[in-house]
Structures are given as structure tokens and as C-alpha cells.
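Understanding the architecture of this molecule
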Amino acid sequence: MSITARFYANTPDGKEVTLFTLENSKGMKAEIINYGGTIVSLYVPDKDGKLADVTLGYDNLKGYLEDDGTYFGALIGRHANRIEKAEFELNGVVYKLAKNDGENNLHGGIKGFDKQVWDAEIIDWEGKEGLQLTYFSKDGEENFPGNLKVKVVYVLSEDNGLEIHYYAVSDKDTVVNLTNHAYFNLSGHAAGSISGHELMINADQFTPINNEGIPTGEIRDVKGTPMDFTKLSPIGPGFDSDDEQIINGKGYDHNWVLKVSGKEPEKAAELYDPASGRVMEVFTTKPGIQFYSGNFLKGSGVGKGGAVYNKRSALCLETQYFPNAMKHKHFPSPILKAGQEYKHTTIYKFSAR
Ligand code: GLA
């Protein structure tokens, strides 16, 4: 595995953004910029060994700066997904956040971690090279409490796993929920609809949402619903069903309750594209996963190589704490106590068959 770095662009306020290329001996390649810690491309072999870039994105920084809420490939924080009414209570204090998704807070607010320039360094990671990104989120940034030191290490393994190791520590009690928002189309980023992709999610239950995408607190069995991905199943049929949950999410945009221990990365999901034979397995230590079927992609903006990304031309599998967990005390807690370490790993592992 090797990592190389080259100049990418300057932000309008003069910060330098670097593009890092992570490559392994199998030909797999990931390109990541330190603006948002964004995965800008991910080249993966198909069943004949042919490489394609399987993540959506833009050709230049301008595209990412002008992005209208897709969060293509970016690191999300301080709190991924939605917080109802944009407020939460911690230690008797109510913290009011930006309402950037109707009445609610989404993906860390107006200027979340996806819009920050992170410090970057190529480090030694257990004898391999790793890309270490660090960001210091000040006490009160986006109204979250506590100075938070965040570290994310990307590693590309020889078995075609893109590992994302997340760390954070705060000087006050706070909430932390970090994820990556890559959009995948295993036929290639410009290949169109993902309705032929097949998905397995290692979960018997999901968290139903209201019509604003907010978990209601209920934990419901997937059995007998379009949310049943206990076995590898095509995702197309569920899109257009008249199920109340699909209508609320305008497609799939829900959190599944993973059957993982949280102690070490365990299999959370598998995505298979019969057309190319590419397989993506997701391993994680986090308790939940948001399967979002690209419902809000509008074909606006120009994607990589002039690609047009229409509705449902890619999907996201965002590992996370359940959205809105501060309101529902029976959900795993996203609270990070002062001085304690938030530590999670997610691996997107590729193969073909
Ligand atoms: C998440 C949300 C979606 C949408 C996307 C970004 O996955 O759950 O509703 O906001 O991010 O477009």
C-alpha cells in the first residue's frame, strides 16, 4: 500500500487542499482530499478485473464548495443525521442547533466537518501507510458543547478494504456521531439507476421515521416489510412500494438496528451488483446503519467527467449511532463524556464474483 500527495486546490479563504492517492498492489485506488476528508473517487475491480470508479463526486473543489446538500464522500460530524427540532438536552442544559433541514438539524449543521479543511499527515499504521486527518472543533462550534479533537485514519488494505478509523475526545460532555457519506454505484459512478443492486443488512429491526425523516422511537421488526434485507435482496421493488415508511423516506432513508457487538468490526451489510459482479461488504463497530437510496439526488450540478446524478443513481450505507438518539433514551447513547475516547471503525471491503 502506498500513499502519494499532490496539490488539489486552494479554498476561497486561501487554505491549501491536498489530494491523497491510496493504492494497493491489487490495483484498487482511493483518492481523498482533506477538504471534508472527502473520498473523491474509489477505483475497484469487477469480476473481469476491470476497474471503475464506484463513488459519486465532482472533478474539482468548486463542485464540493457549491454542493447543494448531497455530502458526496465527506466525513460527517459532529453529529451525523437528524436531531429533532434542532435541539437536545445534556446535563440539564438545552443546546439549540442550526435548523438546516426544515425544523431539524442535519449532519452537524450549517458548517459541519464536511466543510472544514482537516490537517493531514501520512502516518505509519501497523506497518502500513495511513492517511491521518485531524480536526479541532471548538467549544460552541455549531453550538455543540466541548472542545473536540477529532482524528480519522483512512487505510487501504491489501484485501481491498477501505478502513476508516474514527477517534474523538472532548473536554466537556458532548454528543459525537461520526460517519462517512460516500455514495456508491457498483456499476460505476455514472452508470445510472441502482435499482438492480442487491443488499443484505445484518439486522432484524429498524427505526421507523415520521415524514421529516426523524426516528419516532419505535423499534420495529423488518419481517414482512420492504425493510427486510436479512437475505441478499434486490432493492428496486421496495422503492416504489406504497409502504408508509417508504413514503415517509421518499424511498429508503432509514436506520437499521445492527446485530453487531461493537467490540470489533463485524459484518453490517453486503451490497452486490449483478451487472459488474462487484461486491461491497461493510464491517463496523457502530450500532446502526443508514441506508439512503439517493432519493434527493436531482441531476443538478455536474458530476465527475460531466456525469449527471439523478434520483437513485447511487446509495449510501452510513454507519452511525441511531439518529435522534438524545430524545430516545433506549437508543444507544451518542454522548461522549469529557476525557473519554470515542473510537469506532468502519471498513468498506470490495471483491467480485
Ligand atoms: C442522509 C439523510 C438523507 C439526506 C442525505 C443527504 O442520508 O438521511 O435524508 O439528507 O443524508 O442528502
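Relevant structure appears above.
Just so we're clear, the structure is a prediction, and the values are computed from it rather than from any experiment. (Residues numbered from 1 in each chain as written. Predicted model: local features only at pLDDT ≥ 70, side-chain atom pairs only at ≥ 80, totals over all residues. Heavy atoms only, no water.)

1. Description of the site of the ligand
- For the ligand, the set of nearby residues contains 14 residues, the closest of which are Arg82, His107, His181, Asp253 and Glu318.
- Contacts to the ligand include Glu318, whose side-chain N or O atom sits 2.8 Å from an oxygen atom.
- Isolated, the ligand exposes 300 Å² of accessible area, and the fraction of that covered by the protein chains is 97%.
- Classifying every residue of the shell around the ligand gives five nonpolar, six polar and three charged. (Near = heavy atom within 4 Å. Polar contact = N/O pair within 3.5 Å; in protein donor to acceptor, adjacent residues only side chain to side chain. Areas by Shrake-Rupley, 256 points an atom, 1.4 Å probe, with all protein chains shown as cover. Nonpolar A, V, L, I, M, F, W, Y, C, P; charged D, E, K, R; others polar.)

2. Some details on the packing of aromatic side chains
- Within this structure, the stated rule accounts for 23 aromatic pairs.
- Ring centres 6.1 Å apart and planes at 25° place the aromatic pair Phe88 and Phe144 in the stacked group. One end of the pair, Phe88, is in strand 8 (residues 87-90); the other, Phe144, is in the loop between strand 12 (128-137) and strand 13 (148-156), with 56 residues separating them in the sequence.
- Classification of Phe88 as buried rests on a relative accessible area of 3%.
- Judged by its relative accessible area of 1%, Phe144 falls in the buried class.
- Note on Phe184 and Tyr348: the rings are 5.2 Å apart at their centroids and 50° apart in plane angle, and the pair reads as tilted. Within this pair, whereas Phe184 is found in the loop between strand 16 (179-180) and strand 17 (198-201), its partner Tyr348 is found in strand 27 (residues 341-352), the two being separated by 164 residues in sequence. For the pair Phe184 and Tyr348, one class covers both residues: buried.
- The structure contains a cluster of three or more aromatic residues connected by ring pairs, namely Tyr58, Tyr64, Phe72, Tyr183, Tyr292, Phe296 and Tyr309.
- Here the guanidinium or amino end of Lys29 rests over the ring plane of Tyr43, the centre of that ring lying 5.0 Å away.
- Its guanidinium or amino end placed over the ring of Tyr166, Lys286 lies 3.9 Å from that ring's centre, counting from NZ or CZ. (Phe/Tyr/Trp six-rings, centres within 6.5 Å; stacked < 30°, edge-to-face > 60°. Helix = DSSP H or I, 4+ residues; strand = E, 2+ residues; numbered from the N terminus. Buried < 20%, exposed > 50% of the residue type's maximum accessible area, 1.4 Å probe, protein only. Lys NZ or Arg CZ within 6 Å of the ring centre and 35° of its normal.)

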